[in-house]
Amino acid sequence: MRLAVLKEAAPAETRVALLPDAVKSLIAKGLEVAVESGAGMASGHSDEAYAQAGASLTADRASLLSSADILPMVNAPSAADQRLIQPGAVAIGFLRPLDDPAALLPAIESGVTLLAVELVPRITRAQAMDALSSMATVAGYKAVILAADHLPRLFPMLMTAAGTIAPARVFVIGAGVAGLQAIATARRLGAVVEAYDVRAAAGEQVRSLGAKFLDVDLGGIATEDKGGYARELSEEALDRGRDLIAKAARTADVIITSAQVPGRRAPLLIRRDAVENMRPGTIVVDLAAAAGGNCELTRPGETQLHHGVTLFAPLNLPVTVPGHASQLYSRNIANFLALLVKDGAFHLDMDDEIVRGSCVAHQGKVVNSRVASALEAHIAAPTP
Ligand code: NAD
């Protein structure tokens, strides 16, 4: 079994799918590992470190793609790279099968097995493979650091000879994995933190981090699905949240917003007038930008200054922390591989909930019904 670690080709990508320590343990399990030269450099891992772990190094990307049986990766490969992968090989990564299924067609058609880490079910047994949570953790942390760096104030309360400085007030919208990490980070920096989420269960987690949970009466409607995720709410219920947010935002120094509903556009929660009523100097970081954003003014990937308010809409904060983002991702991938590789051979056990849930395509067929529908929709109305 030959596994290849590629240098990520996406612009601005700094992460790598497997670190040298994971490579070493895979080799100990009987795999042969080849690494593209420079694959780990941007995340602080030299070619020598991979060589010491037992991997062979090569600059010949095409031969790596065409000879590998297993290809762990961060991002989906380009169409040209997909055409080089041998039929029957397995590619594992953030493949965006629901966002852009058509981009995977070359690999699907040539019989590459595709496993998407974002489709790994969020069950207890899969926690160690949960790459979405790993990246959300990094993003939540970095959002606060980004805000603190641009805030014209300090975060902690300081009592100095020149007077007392009040602590920064941070408001976190959406207390999932990213939001909770943002709360914890802001608290560590000394801020006073408030948070809002539609899931009642989030209240306890928010309070346990020393923040205040803002409750809103949504009239007893169900806000959570069976999987523990937020449901899409009616406009009336969303409006109640928007009113509370507009009020809390008037006194906040920093607003980190991370509200998402799986498979849907992110809910619009911060209206234009709420931004215009914020104090000048307020920093908003819209972590839901990749899913359309929580703020009406958000332009994904752009930073704007509006009425003295700075609005960040980063699309990929984990790439700004490549060392630890890669470390977490590499562990997730190694744990996933432990489920797939037994006695040096690859087993795709479709009876396993994790394998079945994450498998997009196998032997030339799309095996995930949501991806199949997304592809049909694309074929009916292709995106330009
Ligand atoms: P997510 O990224 O889908 O959403 C982020 C947050 O936004 C969620 O807390 C959600 O409730 C909130 N939200 C959605 N609509 C909102 C609205 N209109 N107003 C305010 N907030 C809104 O969520 P996530 O961070 O991926 O995780 C969500 C849940 O899944 C959490 O309960 C988390 O603990 C759970 N989870 C479980 C596992 C596991 O068991 N393996 C792993 C990860 C997450």
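Our subject is the structure that appears above.
Everything numeric in this text was worked out from a predicted model, so none of it was measured. (Residues numbered from 1 in each chain as written. Predicted model: local features only at pLDDT ≥ 70, side-chain atom pairs only at ≥ 80, totals over all residues. Heavy atoms only, no water.)

To continue, consider the packing of helix α6 (residues 131–150) against helix α7 (residues 177–188). Viewed as axis vectors pointing N to C, α6 and α7 meet at an angle of 40°, and their least axial separation amounts to 7 Å. Between α6 and α7, the angle is such that the two are oblique. Once α6 is placed against α7, the crossing between them reads as right-handed. Packed against α6, whose contacting residues are S133, A136, T137, G140, Y141, V144 and I145, the element α7 presents V177, A178, Q181, A182, T185 and A186 at the interface. (Axes fitted to C-alpha atoms, helices over the stretch in contact; angles between N-to-C directions. Helix = DSSP H or I, 4+ residues; strand = E, 2+ residues; numbered from the N terminus. Parallel < 35°, antiparallel > 145°, perpendicular 65-115°, else oblique. Left-handed = near helix turned anticlockwise from the far one by under 90°. Contact = heavy atoms within 4.5 Å.)

Time to look at the site of the ligand. S133, V177, D197, R199 and Q260 are the nearest of the 24 residues found near the ligand. Within the shell around the ligand, the residues separate by chemical class into 13 nonpolar, seven polar and four charged. (Near = heavy atom within 4 Å. Nonpolar A, V, L, I, M, F, W, Y, C, P; charged D, E, K, R; others polar.)

A few words on the side chain of R15. Among the structural elements, R15 can be located in the loop between β1 (2–5) and α1 (20–28). There is a polar contact of 2.8 Å between the side chain of R15 and the side chain of E13. (Polar contact = N/O pair within 3.5 Å; in protein donor to acceptor, adjacent residues only side chain to side chain.)

All right, on to the pairing of β1 then. Side chains R2 and A4 of β1 all project onto a buried face; the interleaved residues L3 and V5 project onto the opposite face, where all are buried too. Alignment of β1 against strand β2 (residues 32–36), held across four bridges, turns out to be parallel. Note that in β2 the partner of R2 across the bridge is E32. Since β1 and β2 lie parallel, the crossover through α1 that links them has a hand, and here it is right-handed. (Buried < 20%, exposed > 50% of the residue type's maximum accessible area, 1.4 Å probe, protein only. Pairing = 2+ DSSP bridges. Right-handed = clockwise from strand over helix to strand, strands pointing away.)

Turning next to the packing of aromatic side chains. The description of two aromatic rings rests on the distance between their centres and on the angle between their planes. A full pass over the atoms with the stated rule returns one aromatic pair. Geometrically, the ring pair formed by F94 and Y329 is stacked, given 5.4 Å between the ring centres and 20° between the ring planes. One end of the pair, F94, is in strand β5 (residues 90–94); the other, Y329, is in helix α11 (residues 322–340), and 235 residues separate them in sequence. The class for Y329 is buried, based on a relative accessible area of 1%. (Phe/Tyr/Trp six-rings, centres within 6.5 Å; stacked < 30°, edge-to-face > 60°.)

Okay, helix α9 (residues 235–249) next. Because each turn of an α-helix spans 3.6 residues, side chains separated by three or four positions end up pointing in the same direction. Helix length check: α9, at 15 residues, gives a terminal C-alpha distance of 20 Å against a target of 21 Å (1.5 Å per residue), a fit within 8%. A237, L238, G241, R242, L244, I245, A246, A248 and A249 are the residues of α9 that are buried. The inward-facing, buried residues of α9 contact β9 (169–173), β10 (192–196), β11 (212–214), β12 (254–257) and α10 (272–276). (Expected span 1.5 Å × (residues − 1).)

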